[in-house]
Structures are given as C-alpha cells and as structure tokens.
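Architecture and fold: a report
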Amino acid sequence: MSAISVNDGLPVPQRYGAILAIALGITVAVLDGAIANVALPTIARELNASPAESIWIVNAYQLAIIISLLSLSFIGDMIGYRRVYQCGLVLFTCTSVFCALSDSLTMLTIARVLQGFGGAALMSVNTALIRIIYPQRHLGRGMGINSLIVAVSSAAGPTVAAAILSVASWQWLFLINVPVGIAALCLALRFLPDNPQKSQGQRFDIPSAVMNALTFGLLISLLSGFAQGQNGSLLLVELVLLLIIGTLFIRRQLRLPFPLLPVDLLRIPIFALSLGTSICSFCAQMLAMVSLPFYLQNVLGRSEVSTGLLLTPWPLATMVMAPIAGRLIERVHAGLLGAIGLAMFASGLFALALLPAAPADADVVWRMMLCGAGFGLFQSPNNHTIISSAPRNRSGGASGMLGTARLLGQTSGAALVALMFNLFANHGTHFSLLLAGSFATVATVVSALRIRQPRSVHG
C-alpha cells in the first residue's frame, strides 16, 4: 500500500475491515479492566483467597497496562502501529486462555499481568491507527467510533460480567476473549495499514522505560494505598521514591531528541489542556461508576440485575451521542463541544448526588442519561484534538498519552471512591458524586480554555 493512499485514509471496504479489527480488540482490552470486578467474590472463594488479596486480579491488569503503555506507543512510532497491534492481539488472546486455566491466585495474577501487556499494546496505538485509516476530513468520525467503543466498554463491564456469570462460570469471563481475539487478528492481518512514515533516528531508551514503569507504578500504588489507609511510613517511602525517580525521569526526557514521555508534545497548549480535561473527566466517570452500585444495592435495596439495568442508560446515551459528536467536530471547535458536554456531565452528576431519599427508577434514569450524553459529547472531540495536534510521525506518542491520561483518571477515581467510603462510611456514594461533579466542573473550565487555541496544529 502506498504512503499517499494511506495519508488520505483507506478506501471504503478496507476502512471498514480495519476499524472492525480495532473495535474488537479495544472492546475486549477495555472490558477486561472492569469485567473481573463483579466476579471477584466468586473467584476469591474458588481460589481460597481473601477479598483483599483478590483485588490483585484487577490491579495486576491495570498496573501492567499503565507501566507499559508509553513504551509500546513509542515502539509503534519506530516499527509500525500495525505490528504492535497484531502482537498485542496474539498476546492478549493467549493469556486469556492462561487466565481461564489458572488454579491459584498467584497463577491468575501472573496471567493478568501478561494479559495487561497485551491490552496495553492494543490501547497504545489504536488512535494512531485511526489517524491512518480515516481521511483527515473524516478523522472526527473515526474518533467518534473509537470513543464510543472505549466509553461503552468501560461503563458496560459490570452488565456484561453479570450476564456471563448468570449462565456460566467465572472462567468464561476470560475464555470469551478467545474467539473475539482470533476474529480481530484475522481482520488485523488483512486490513490494517502500516505507518505512512515512521520516526527516523528514533531509538528505544531502556533506562527511560524502566523509570517510566517505576514512576507510574509508584503513583498508582501510592494512590491506592492512601485511599485504603495503608501504613503511613510505607506511603512516605513510596512518595519519596516517586518524587526522586519521577524527577530523574522527566529530566532525562527533556534531554532526549525523541522522549518516551512526550514532554515536547506537552508544550503544545491545546494538547496539554486536552490531556488535563481527559484526566479530570475519567476521574469523575470512575467516581460515579464505582460508587453508584453500592448506593443502588445497599441503600435502595436493588438486586444485581436491577442495578445493572439502572446503570445501562449511561452507556446507551454515550452510544447515541459519541458518533454525533464525531461529526460535529468537523464544524464546531472541540473546546466548545467539550465544555458543553462536560457541563451536561457535571449537571448530571450533581443531580445524582441530590437524588431524593426514595427515588423512582425514572429519577435515576434521566440523570444517568444526562451524564452519558454529556460524556459522549465531550470525549470524541477531545480525543480528536489530542491526536490531530501532534505531528503525524508522533501519533503513537500522542495515542499513548491519551490512554495514559484515561487510565490515570480512572485509577485516581477508583482510589478516591475507596477514600470517600473510608471517610464517610454511610454517605460514601453521596460524597463520591459531589467530588465527581467537582472534577467535571474543573474539566468544563479547562475545556473552555481551549476555545482560543487553533483547532489543529498538524493535519
């Protein structure tokens, strides 16, 4: 395939095959971050593990992704996004079988770490691939589809898990990835394009990769430990190590011509503002999504199925709004679209925090729909801005930063839920929702600051 044809996107039949390959891979990778939560009590019981130990089934996967995401996106800029994505699909599919066959917590945790590396390979280059698949004039539509998949997969995890567990054992949460992974790999081998231009003279810096893993690993460990009330002296040691290693890491990146952490891209104002918006909004989403099931089940006495149904209007509204936002980005500034969407999102979160003592289903549903619609309106334009404001041959770095921002936001949000429940035992959800609304309000202001910036620095 010629670089010229790729620069202006793929022809239509091939474009659909390529986007389907990305959709299937990203769906299982994002879904697997949330899907195990529902089954944790069952898995812990069957593997003779305590509830606290079983948390590692979730943490191991998220940690593996966040420590390797930037390294894999950097490798994508060097050797090609297609190759990284295809290797990720093979690793993710094989390790899903390993997860299902695990008969101890240690074995399952190791399998989840390896599966996380596969998931990171998929997430690190997916938006960079979309930039090649879609013509520049329709890039917003491609981002809309991708945002839709990520948002719905993130939000639908508990619903999908409950559906699988109602008819099968926990092993099927992982085995279901195998046919999807094989289908995605067949499509990826046939349809995915190569980079039109790879970064010349770019070398992989191993010390940077190690410092990157330690910096993000310590940050997540510190956030989780603080939220769960871990030993103060251990947290202090982690904080000191984080500050030392993090400072050395950033100083090294500033000296490198091709940094692993693309600090040079952060000098582009609209790129930096869009990343800040992303972190705040995903933190708000996670604060709501993790805390609401406790409120619906423990306070309102709803069943697991009823809880799943009451949470569903959120991803459904996102499904409707994300493609619309993807088309609007071609005509309306992303900063304005994002500010409107995030204002709707914040309004929905504050409305959920102010629910009456005994709300009817309709009271919950319209608030969830407002949150989902606002989130869908903001996310596609935001992702489009992050990718299109970076030089084309640095799309992998931009894609990695986008994924890292999302995961940092989600991990911080989950840790803050634990903190809210520790501080305000009986009103944990209420305070989590107020905090979520506050984060969404900050994101609204940051998004509005982008209106003065040009739409895109690089075509």
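Scroll up to find the structure this text is about.
Analysis parameters
- Residues numbered from 1 in each chain as written.
- Predicted model: local features only at pLDDT ≥ 70, side-chain atom pairs only at ≥ 80, totals over all residues.
- Heavy atoms only, no water.
- Helix = DSSP H or I, 4+ residues; strand = E, 2+ residues; numbered from the N terminus.
- Buried < 20%, exposed > 50% of the residue type's maximum accessible area, 1.4 Å probe, protein only.
- Contact = heavy atoms within 4.5 Å.
- Areas by Shrake-Rupley, 256 points an atom, 1.4 Å probe, with all protein chains shown as cover.
- Lys, Arg positive; Asp, Glu negative; His and termini not counted.
- Charge placed at Lys NZ, Arg CZ, Asp CG, Glu CD.
- Expected span 1.5 Å × (residues − 1).
- 1 Å grid on protein atoms, 1.4 Å probe; cavity = no way out; pocket = protein on both sides within 12 Å on 5 of 7 lines; lining within 4 Å.
- Points joined across faces, edges and corners; volume = space filled by probe spheres on them.
- Nonpolar A, V, L, I, M, F, W, Y, C, P; charged D, E, K, R; others polar.
- Core = buried A, V, L, I, M, F, W, Y, C linked by side-chain atoms within 4.5 Å.
- Salt bridge = Lys/Arg side-chain N within 4 Å of Asp/Glu carboxyl O.
- Phe/Tyr/Trp six-rings, centres within 6.5 Å; stacked < 30°, edge-to-face > 60°.
- Axes fitted to C-alpha atoms, helices over the stretch in contact; angles between N-to-C directions.
- Patch = residues over 30% accessible without salt bridge, like charges linked within 9 Å, V, L, I, M, F, W, Y side chains within 5 Å.

1. Describing the overall build of the chain
Within the chain, the secondary structure is distributed over 18 helices and zero strands. Expressed as a percentage of its 459 residues, the buried residues of the chain come to 57%. Long-range contacts, defined here as pairs at least 24 residues apart, represent 83% of the contacts in the chain between residues at least 6 apart. Carbon and sulfur atoms make up 69% of the accessible area of the chain, which amounts to about 18,000 Å² in all. Distance from the positive charge centre (25 side chains) to the negative charge centre (14 side chains) of the chain: 14 Å.

2. Considering helix 5 (residues 81-101)
Helix length check: helix 5, at 21 residues, gives a terminal C-alpha distance of 31 Å against a target of 30 Å (1.5 Å per residue), a fit within 8%. Those residues of helix 5 not exposed but buried are Y81, V84, Y85, Q86, G88, L89, F92, T93, T95, S96, C99 and A100.

3. Section: the layout of surface pockets
Of the volumes computed, that of the second largest pocket is approximately 320 Å³. Lining the second largest pocket are 17 residues, and of these Y295, V299, N426, T429 and H430 lie nearest its centre. Here the residues of the lining of the second largest pocket sort into eleven nonpolar, six polar and no charged.

4. Section: empty space enclosed by the protein
Summed over all chains, the structure comprises two cavities of 30 Å³ or more. Lining the largest cavity are 14 residues, with N126, V150, L402, G403 and R406 sitting closest to its centre. Residue assignment for the lining of the largest cavity shows that the elements contributing at least two residues are helix 6 (105-133), helix 7 (139-167), helix 12 (269-299), helix 16 (361-388) and helix 17 (395-423). Here the element with the most residues in the lining of the largest cavity is helix 17; it accounts for four residues.

5. Section: the environment of A209
Topologically, A209 is positioned in helix 10 (residues 206-227). We classify A209 as buried; its relative accessible area is 15%. Residues A209 and V125 lie 84 residues apart in sequence; the distance between their C-alpha atoms is 17 Å. If near-sequence neighbours (up to four positions away) are discounted, A209 is found in contact with S71, F204 and L260.

6. Concerning the nonpolar core
By size, the foremost hydrophobic cluster in this structure holds 69 residues, and its most contacted members are I26, Y85 and L192. With ten residues, helix 6 is the largest single contributor of residues to this core. Those residues within four positions of L192 in sequence are excluded, and the remaining contacts are A18, A21, I22, R82, Y85, L129, I133 and L187. Judged by nonpolar contacts, the second largest core, of 32 residues, contains A284, L352, L355 and C371.

7. What about the pattern of salt bridges?
Following the criterion strictly, the structure yields four salt bridges and no others. Of the charged contacts, one joins R82 and D194 as a salt bridge, the two residues approaching to 3.9 Å between their closest N and O atoms. Remark: D194 occurs in the loop between helix 9 (177-191) and helix 10 and R82 occurs in helix 5; sequence separation between them is 112 residues. Classification of R82 by relative accessible area gives partly exposed; the value is 30%.

8. Regarding the packing of aromatic side chains
A full pass over the atoms with the stated rule returns seven aromatic pairs. Considering the side-chain rings of W170 and F174, the 6.2 Å spacing of their centres and the 85° angle between planes classify their relative orientation as edge-to-face. Here the two residues W170 and F174 agree in accessibility, since each one is buried. Note on F345 and F375: the rings are 5.3 Å apart at their centroids and 70° apart in plane angle, and the pair reads as edge-to-face. Here F345, found in helix 15 (residues 334-353), pairs with F375, found in helix 16; they are 30 residues apart in sequence, far enough to count as distant. F375 matches F345 in its accessibility class, with the two residues each being buried.

9. Structural notes on helix 18 (residues 428-449)
When the terminal C-alpha atoms of helix 18 are compared, their 32 Å separation across 22 residues agrees well with the 32 Å that a helix rising 1.5 Å per residue should span. Three or more residues of helix 18 are buried, namely G428, T429, S432, L433, A436, G437, A440, A443, T444, V446 and S447. Elements that come into contact with the buried residues of helix 18 comprise helix 12, helix 15 and helix 17.

10. Quick look at the packing of helix 4 (residues 56-79) against helix 5
Two elements in contact, helix 4 and helix 5, have axes separated by 8 Å at closest approach and are oriented at 150°. Contact residues: Y61, L72, I75, G76, D77 and I79 in helix 4; Y81, R83, V84 and F92 in helix 5. Residue composition of the contact of helix 4 with helix 5, by class: seven nonpolar, one polar and two charged.

11. Concerning the side chain of S447
Following the sequence through the fold, S447 ends up in helix 18. Judged by its relative accessible area of 0%, S447 is buried. In this view, S447 contacts T277, A334, G335, G338, A339 and L342; residues no more than four positions away in its chain are not counted.

12. Observations concerning a nonpolar patch on the surface
Among the surface-exposed residues, L236, L239, V240, L243, I244 and L248 lie close enough to one another that they form a single nonpolar patch of about 540 Å² accessible area. The topology assignment puts L239 in helix 11 (residues 232-255).

13. Re the side chain of Q285
Relative to the helices and strands, Q285 is located in helix 12. Of the residues examined, Q285 reaches a relative accessible area of 1% and is grouped as buried. What Q285 contacts, discounting residues up to four positions off in sequence, is A151, S154, W314, F345, F375 and Q410.

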